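Listed here are the chains, written in short residue letters.
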Amino acid sequence: RLLEVEAFEVLTQDKKNLVVEVFAVWRVQDPLRFLEAVGSAEVGEDRLGDLVVSRVAASLGRVAYAELLAMRHSHRFRRHQLLDLTIDDLDLDPFE
């Protein structure tokens with residue numbers, strides 16, 4: 001399943017404002033356990049969306065803007081561990 005989170009604003013460690021659009025590809029490994037825990041796919045997506053926003057904001061808030069730009073290779077990097085958040089694919093389009 002594809003989870004698309006509405007764009008939101010976060011501050012980097014050096015107080016640069018970023019507008020972030022996030023999407024996550026996810027799947028349920030144990031459908032019965034999933035339904036017992038959350039009740040429906042919609043509720044699960046809502047909870048997952050909140051978790052993704054929280055983790056992305058916390059992770060980006062601990063990194064300086066220049067460091068984020070330095071991490072990218074030709075605007076893209078794959079499978080990078082950004083603090084406590086594993087990013088499989090990230091595209092940064094800075095508007096400077």
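Residues numbered from 1 in each chain as written. Predicted model: local features only at pLDDT ≥ 70, side-chain atom pairs only at ≥ 80, totals over all residues. Heavy atoms only, no water.

**Q** I'd like to hear about the overall build of the protein, residue by residue, with values.
**A** Helices and strands together make up the secondary structure of the protein, namely three helices and four strands. Here the protein holds 96 residues, and 33% of them are scored as buried. Within the protein, contacts between residues at least 6 apart in sequence are counted, and of these 42% link residues at least 24 apart. Just so you have it, the protein exposes about 7000 Å², and 51% of that area is on carbon and sulfur atoms. (Helix = DSSP H or I, 4+ residues; strand = E, 2+ residues; numbered from the N terminus. Buried < 20%, exposed > 50% of the residue type's maximum accessible area, 1.4 Å probe, protein only. Contact = heavy atoms within 4.5 Å. Areas by Shrake-Rupley, 256 points an atom, 1.4 Å probe, with all protein chains shown as cover.)

**Q** Explain helix α2 (residues 41–60) residue by residue, including any values.
**A** For α2, built from 20 residues, the straight-helix expectation of 28 Å at 1.5 Å per residue is met to within 8% by its first-to-last C-alpha distance of 28 Å. Burial in α2 covers these residues: A41, G44, E45, G49, V52, V56, S59 and L60. Projected down its long axis, α2 carries its buried residues within an arc of 135°, all on one side. Turned more than 90 degrees away from the buried face of α2 sit D46 and D50, all of them exposed. (Expected span 1.5 Å × (residues − 1). Arc of directions from axis to C-beta.)

**Q** Kindly report on the packing of aromatic side chains, identifying the contributing residues and their values.
**A** Under the defined criterion, the tally for this structure stands at one aromatic pair. On the basis of an interplanar angle of 40° and a centroid distance of 5.9 Å, the ring pair of W26 and F34 is categorised as tilted. Of the two residues examined, W26 and F34, each falls in the buried class. (Phe/Tyr/Trp six-rings, centres within 6.5 Å; stacked < 30°, edge-to-face > 60°.)

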